[in-house]
Amino acid sequence: MTHDRAVAAARPVFAGWRIMRSDAGRWWATRERPFPRAVEDAGAHRTVDADDLVGLCQAIAAQEGIAEQKRRIVRATR
């Protein structure tokens with residue numbers, strides 16, 4: 001994995017996610033803390049990858065969206 005300026009610049013934007021770029025140039029993000037089991041069961045993935053930073057942003061947003069949707073469902077059933 002490489003550590004360059006683009007990776008360093010992306011890190012503060014994604015608090016709670018570790019951003020990396022492979023030697024081949026592929027972007028990866030791993031959530032620093034696992035999602036709760038119910039969120040993972042709902043389809044959220046702790047690690048995502050993409051061809052570029054825009055795609056990685058979209059992948060992270062999708063996972064956080066799944067988590068937020070699950071949290072709303074849990075709150076609504078209480």
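Residues numbered from 1 in each chain as written. Predicted model: local features only at pLDDT ≥ 70, side-chain atom pairs only at ≥ 80, totals over all residues. Heavy atoms only, no water.

A word on the sheet that holds strand 3 (residues 47-50)
Logical step 1: One open sheet holds the 3 strands; their spatial order is 1-2-3, and the pairing between them is antiparallel. The open sheet is flanked by strand 1 (17-21) and strand 3, the only strands paired with a single partner. For this sheet, the mean inter-axis angle between neighbouring strands, taken without regard to orientation, is 20 degrees.
Logical step 2: Across 5 bridges, strand 1 lies against strand 2 (residues 27-31) in antiparallel orientation. Looking at strand 2, one finds that Arg18 is bridged to Thr30.
Logical step 3: Taken strand by strand, helix 3 (residues 53-76) contacts strand 1, strand 2 and strand 3, and its axis lies near 150 degrees from that of strand 3. (Pairing = 2+ DSSP bridges. Helix = DSSP H or I, 4+ residues; strand = E, 2+ residues; numbered from the N terminus. Axes fitted to C-alpha atoms, helices over the stretch in contact; angles between N-to-C directions. Contact = heavy atoms within 4.5 Å.)

Describing the pattern of salt bridges
Logical step 1: Enumeration according to the criterion identifies 8 salt bridges in this entry.
Logical step 2: The residue Arg26 makes a salt bridge to Asp51 at a minimum N-O spacing of 2.1 Å. In this pair, Arg26 sits in the loop between strand 1 and strand 2 while Asp51 sits in the loop between strand 3 and helix 3, placing the two residues 25 residues apart along the sequence.
Logical step 3: For Arg26, a relative accessible area of 28% gives the class partly exposed.
Logical step 4: Judged by its relative accessible area of 63%, Asp51 is exposed.
Logical step 5: Between Arg37 and Glu40 there is a salt bridge; the shortest N-O distance is 3.9 Å. Of this pair, Arg37 and Glu40 both sit in helix 2 (residues 37-41), 3 residues apart, which is roughly one turn of that helix.
Logical step 6: By relative accessible area, Glu40 is classed as partly exposed at 29%.
Logical step 7: A cluster of three or more residues bridged by salt bridges with shared partners is formed by Glu68, Arg71, Arg72 and Arg75. (Salt bridge = Lys/Arg side-chain N within 4 Å of Asp/Glu carboxyl O. Buried < 20%, exposed > 50% of the residue type's maximum accessible area, 1.4 Å probe, protein only.)

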